[in-house]
Amino acid sequence: MLTNDKEYEKFSIDRFYKNYLNGPRLFKSRDALEPSYIPEDLPHRDNEIEQIASKTACALRGETPSNFLCYGMTGTGKTATIRFVSQKLANYASDCKPWWIYINCSIVSTPYRILAHIYNTIVKKDEIPPTGLPKDVIFKKLLGLLDNKVDNSICFLVLDEIDMIADKKNGNEILYDLTRLNENLDFCRTCLIGISNKLNFKENLDPRVISSLGEDHITFLTYDAKELGDILNERAKIAFYDDIIKEGVIPLCAALAAKEHGDARKALQLLRKAGEIAERTQNKHITGDHVKKAQDELERDHTIDYIKGMPLQAQVVLMSIYLISRFRQNKLTISGDVYEVHGELTSKIPGLRSLTRRRISDYINELCLAGIITAQKKSVGFHGNTKIIKLVVETKVLEGIFKESDKLRSFLNYKPIMIQNNKVRINKDVFRKLN
Ligand SMILES: Nc1ncnc2c1ncn2[C@@H]1O[C@H](COP(=O)(O)OP(=O)(O)OP(=O)(O)O)[C@@H](O)[C@H]1O
Ligand SMILES: [Mg+2]
């Protein structure tokens, strides 16, 4: 048996755990950097907190607050602020304890599941099955439950990411039903709070829904770098031991997140990842280098998620580009060839049909917009235009994604016929390449 100890070093899980336990401890409370963590204080959201508190305070006296909407870009603290106010409000409620039901509409999105979710949350068990009952039966059961269980109190129904249902065909129907709950209740009263990061989501709504959902809204402004720095400083005090973070680290995380429309989630992710990288590499401090590495890793993770979430046809277009650049000696990839290789691949993947040049071109544009490839337009005389395409994502990352795909895995080493025959396609014409 041939072994080469120098080249092949086996991973030792025992050594790994020993090193980990003996290594420096940076995190005092890792949870404090989790997206679900609600801090004691939310810097720079006083205005929004005041508005929400004012709108909801009458629930403490058993009166019904008007429905309202919260808008703001992603990571501006909408969900955190609503949760924060709901906790505070609960501290001041004595006789009429309000109920808060959270519905994340990106997860619970069908009318049936929304009603079932509200019902099951109130009874604290999965009494309504995930499918099966007629919707009007659940609706009646829910009305009965609200009157019995919530009784004379207010039930806040928070529809987080409400745009996810507003975009759907039957979105109007469920929103309309929810806005009409109060008309059918004898004791309990509901208040709807919609949260959205898409400002134009109302375009798809029925005017009746818009008018009862509330013309009233609270806008969450984006954070600037200084504000993000304050948020991070507060959170770092809870999450890390003292003197772990080197000077300049928090301003760097804040500046990088501020570039992305002031997203506090991104800022916190960066700090957390930087801490994890420092810990992984047995460093006692978090430095600017760790933040830069964290930024690279997050970008890579984001790209991987994006590609995995693309439709199969778009993935096949990307795979065609990968195969051409891998097997063509000069790596030159032009749009006509992508069309050709895409056709070759789709003929081998059951259930997938070939696409028109136009659709392929659309996918190429989308991949460009997502920063996965670049495509430069080039005029080729009377043959019209073509695009010179280059991969931006590392090939290793792509190979990892394709390996995980049942449909694409077997093509990783497929050499396109076009390349085997040393041909190039420009628009409708095929040319043999000159060497
Ligand atoms: N002012 C703040 N102070 C402390 N932490 C904050 C603040 N604003 C946001 N965060 C934190 O940033 C992260 C993102 O916030 P949140 O989830 O509330 O954003 P969002 O506006 O609901 O975003 P999306 O539209 O993507 O759902 C959370 O971890 C939250 O705790
Ligand atoms: Mg949110």
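Residues numbered from 1 in each chain as written. Chains lettered and ligands numbered in written order. Predicted model: local features only at pLDDT ≥ 70, side-chain atom pairs only at ≥ 80, totals over all residues.

## Here we look at helix H14 (residues 335-346)
Owing to its 3.6 residues per turn, the α-helix brings residues three or four apart onto one side. The end-to-end C-alpha distance of H14 is 16 Å, a good match for the 16 Å that 12 residues give at a rise of 1.5 Å each. Burial of H14 is extensive: nine of the 12 residues sit out of reach of the surface. Listed as buried for H14 are Ser335, Gly336, Asp337, Val338, Tyr339, Glu340, Val341, His342 and Leu345. (Helix = DSSP H or I, 4+ residues; strand = E, 2+ residues; numbered from the N terminus. Expected span 1.5 Å × (residues − 1). Buried ≥ 20, exposed ≤ 12 C-beta atoms within 10 Å, placed from the backbone.)

## Side note on the sheet that holds strand S7 (residues 373-379)
Ordered by their spatial adjacency, three strands build an open sheet running S6-S8-S7, and the pairing between neighbours is antiparallel. Both edges of this open sheet fall to strand S6 (333-334) and S7, since each of them pairs with a single strand only. When S7 meets strand S8 (residues 385-391), the two strands line up antiparallel, connected through seven bridges. For Ile373, the partnering residue across the bridge sits in S8 and is Leu391. This element, helix H13 (residues 312-327), spans S6, S7 and S8 of the sheet and lies at about 80 degrees to S8. Lying over the sheet, helix H15 (residues 357-369) contacts S7 and S8, oriented at roughly 125 degrees with respect to S7. (Pairing = 2+ DSSP bridges. Contact = placed C-beta atoms within 7 Å. Axes fitted to C-alpha atoms, helices over the stretch in contact; angles between N-to-C directions.)

## What about the sheet that holds strand S4 (residues 189-196)?
One open sheet accounts for five strands, arranged S2-S3-S4-S1-S5; its pairing is parallel. The outermost strands of the open sheet, each flanked by one partner alone, are strand S2 (99-104) and strand S5 (217-220). Geometrically, the sheet is characterised by an average inter-axis angle of 15 degrees between neighbouring strands, direction not taken into account. Sheet strands touched by helix H3 (residues 78-92): strand S1 (68-72), S2, strand S3 (154-160), S4 and S5. Its angle to S4, the strand with the most contacts, is close to 155 degrees.

## Things to note about the domain arrangement of the protein chain
A common way to express how large an interface is: the accessible area buried when the components associate. In terms of domain boundaries, the protein chain breaks down into domain 1 (20-31 + 223-307), domain 2 (46-220) and domain 3 (309-432). Residue-level contacts link six residues of domain 1 with nine residues of domain 3. Of the residues contributing to the side of domain 1 that touches domain 3, the split by class is three nonpolar, one polar and two charged. (Domains from an automatic or database assignment. Nonpolar A, V, L, I, M, F, W, Y, C, P; charged D, E, K, R; others polar.)

## Topic: the confidence of the model for the protein chain
Averaged over all residues, the pLDDT of the protein chain equals 89, while 94% of them reach at least 70. Here residues 1-6 scores under 50 on pLDDT; set against residues more than four positions off or in separate chains, the count is one contact. (pLDDT = per-residue confidence, 0-100.)

## With respect to the environment of Asn22
Looking at the element boundaries, Asn22 is found in helix H1 (residues 13-22). Overall, the presence of 8 C-beta atoms within 10 Å leaves Asn22 in the exposed class.

## As for the packing of H14 against H15
Packing of H14 against H15 brings their axes to within 10 Å, and their N-to-C directions diverge by 110 degrees. Judged by the inter-axis angle, H14 sits roughly perpendicular to H15. Where H14 crosses over H15, the handedness of that crossing is right-handed. Here H14 contributes Ser335, Val338, Tyr339 and His342 to the contact with H15, which in turn contributes Arg357, Ile360, Ser361 and Ile364. Of the residues belonging to the contact of H14 with H15, the class tally is four nonpolar, three polar and one charged. (Parallel < 35°, antiparallel > 145°, perpendicular 65-115°, else oblique. Left-handed = near helix turned anticlockwise from the far one by under 90°.)

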